Amino acid sequence: MSDVEEKALLAGGCFWGMQELIRALPGVERTRVGYSGDDDKPDPTYRDHGIHAESMEITFDPAVTDYRSCGAGTVVPAGPLWEAEPEHQDYLQRYPDGYTCHFPRPNWRLPRRGES
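Cut-offs applied
Residues numbered from 1 in each chain as written. Predicted model: local features only at pLDDT ≥ 70, side-chain atom pairs only at ≥ 80, totals over all residues. Heavy atoms only, no water. Helix = DSSP H or I, 4+ residues; strand = E, 2+ residues; numbered from the N terminus. Buried < 20%, exposed > 50% of the residue type's maximum accessible area, 1.4 Å probe, protein only. Contact = heavy atoms within 4.5 Å. Areas by Shrake-Rupley, 256 points an atom, 1.4 Å probe, with all protein chains shown as cover. Salt bridge = Lys/Arg side-chain N within 4 Å of Asp/Glu carboxyl O. Core = buried A, V, L, I, M, F, W, Y, C linked by side-chain atoms within 4.5 Å. Phe/Tyr/Trp six-rings, centres within 6.5 Å; stacked < 30°, edge-to-face > 60°. Pairing = 2+ DSSP bridges. Axes fitted to C-alpha atoms, helices over the stretch in contact; angles between N-to-C directions.

A. Representation of the overall build of the chain. When helices and strands are tallied, the chain shows three helices and four strands. Along its sequence from the N terminus, the chain presents helices and strands in the succession β-α-β-β-α-β-α. Taking all 116 residues of the chain together, 34% fall into the buried category. Long-range contacts, defined as pairs at least 24 residues apart, comprise 75% of the intrachain contacts of the chain with a sequence gap of at least 6. Element-wise, carbon and sulfur atoms account for 50% of the exposed surface of the chain, whose accessible area totals about 7,400 Å².

B. Looking closely at the pattern of salt bridges. Under the counting rule described, the total for this entry stands at six salt bridges. In this structure, E57 engages R32 in a salt bridge whose closest nitrogen and oxygen atoms are separated by 2.8 Å. Residue E57 is located in strand 3 (residues 53–60), and its partner R32 is located in strand 2 (residues 28–36); the two are separated by 25 residues in the primary sequence. According to the relative accessible area criterion, E57 is buried, its value standing at 16%. On the basis of relative accessible area, R32 is assigned to the partly exposed category, the value being 24%. R32 is the partner of E83 in a salt bridge, and the nearest nitrogen-oxygen pair spans 3.0 Å. Residue E83 is found in strand 4 (residues 82–83), and its partner R32 is found in strand 2; the two are separated by 51 residues along the sequence. Residues participating in the shared-partner salt-bridge network are K7, R32, E57 and E83.

C. Representation of the nonpolar core in the model. Core analysis: the biggest nonpolar cluster contains 16 residues, and F15, W16, I22, M56 and I58 have the highest contact counts within it. At four residues, the largest contribution of residues to this core is made by helix 1 (residues 15–23).

D. Just the packing of aromatic side chains, in detail. According to the stated counting rule, one finds five aromatic pairs in the structure shown. When the ring of Y91 is compared with that of Y95, the centres are 5.0 Å apart and the planes differ by 35°; the resulting orientation is tilted. Three or more aromatic residues joined by ring pairs make a cluster, and in this case those are F15, W16, Y35, Y46, Y91 and Y95.

E. Main features of the sheet that holds strand 3. Taken in spatial order, the four strands make up an open sheet running 1-3-2-4, and their pairing is antiparallel. With partners counted over all chains shown, the strands left at the sheet margins are strand 1 (6–11) and strand 4, one partner each. Sheet topology note: the strand 2/strand 3 ladder contains eight bridges and is antiparallel. Along strand 3, the bridge assignment pairs G34 with S55. Relative to the sheet, helix 1 contacts strand 1, strand 2 and strand 3, its axis offset from that of strand 2 by approximately 165°.

Structural data, given as structure tokens:
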């Protein structure tokens, strides 16, 4: 691993499933789940998050992986991430049979503009 870190913020619904898939990728150093996308409602919670999206911050080593290998869908500038409550962090690590709606797609990579 290098001494350089980069961060990406992904919003893809069901942060439990996203976190479990992304954490297993080579070069991913840390993840944390939270809420993003509604700057008019700070400090959201799981039970009261308005129009925030369930999101995840990924810290990764750019010498090992890149944003396109971690990302999915549309790429837009990210706003702040409000960290989710402790019971939602690493949820599927603590409850391996818990709910998830995300599944691996081997060798999938976010295409560059014009490639798709």
